[in-house]
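# A look at the structure
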Amino acid sequence: MTETPTRNDIKVDIERDVAQESHSLRAGLGLMALGRKTELIEYDCKEADCGICLFRVISGQENLSPPTTREADFLRAMRCDPNERLACQCRVFGNVQIRIEGDPED
Ligand code: FES
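Okay, so let's go over this structure.

## Brief notes about the pairing of strand β2 (residues 19-26)
The pairing of strand β1 (residues 9-16) with β2 spans eight bridges and is classified as antiparallel. Along β2, the bridge assignment pairs arginine 16 with alanine 19. Between β1 and β2, which pair antiparallel in sequence order, lie two residues.

## Thoughts on the nonpolar core
In terms of nonpolar packing, the biggest core is built from 19 residues, with Ile41, Cys53, Leu86 and Ala87 touching the most fellow members. Other than its neighbours up to four places away in sequence, alanine 87 contacts Leu31, Met32, Ile41, Cys53 and Phe55.

## Quick word on the pairing of strand β5 (residues 96-100)
Residues of β5 alternate between two faces, with Val96, Ile98 and Ile100 buried on one and Gln97 and Arg99 left unburied on the opposite face. Here five bridges tie β1 to β5, and the two strands are oriented parallel to one another. Bridged to glutamate 15 within β5 is arginine 99. Both strand β3 (residues 54-59) and β5 contribute to a ladder of three bridges, which runs antiparallel. Residue valine 57 lies in a different strand from β5, and its bridge partner there is isoleucine 98.

## Thoughts on the sheet that holds β3
One open sheet holds the five strands; their spatial order is β2-β1-β5-β3-β4, and the pairing between them is mixed. Of all strands in the sheet, those bounded by a partner on one side alone are β2 and β4 (84-86). Taken pair by pair, the neighbouring strands of this sheet meet at an average axis angle of 35°, ignoring direction. The pairing of β3 with β4 spans three bridges and is antiparallel. Looking across to β4, one finds that arginine 56 is bridged to glutamate 84.

Procedures and definitions
Residues numbered from 1 in each chain as written. Predicted model: local features only at pLDDT ≥ 70, side-chain atom pairs only at ≥ 80, totals over all residues. Pairing = 2+ DSSP bridges. Helix = DSSP H or I, 4+ residues; strand = E, 2+ residues; numbered from the N terminus. Core = buried A, V, L, I, M, F, W, Y, C linked by C-beta atoms within 7 Å. Buried ≥ 20, exposed ≤ 12 C-beta atoms within 10 Å, placed from the backbone. Contact = placed C-beta atoms within 7 Å. Axes fitted to C-alpha atoms, helices over the stretch in contact; angles between N-to-C directions.

Okay, here's the thing in structure tokens:
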């Protein structure tokens, strides 16, 4: 699904094996603000605890908010790569392209 961005919107491109989507989002909001626009990003705890929302940044890493303390603790404990982040913790300030492994509902 592709939307026409408005002036304050940034673009979030999401890749997953089942689909690719492009969404607009107001700069500064969290990825969770995409809400019902996409089912490609899944959430459960929303507190940097479960890891179901883990994604890999393909481009635009500099446009994401720095990891919260909780997110940093999780990423360190799980030995995640530097370009892996938790969608429930990230705010987005510019265009990003992200990839999520696995199929939803797995
Ligand atoms: S929803 Fe659980 S870590 Fe993001």
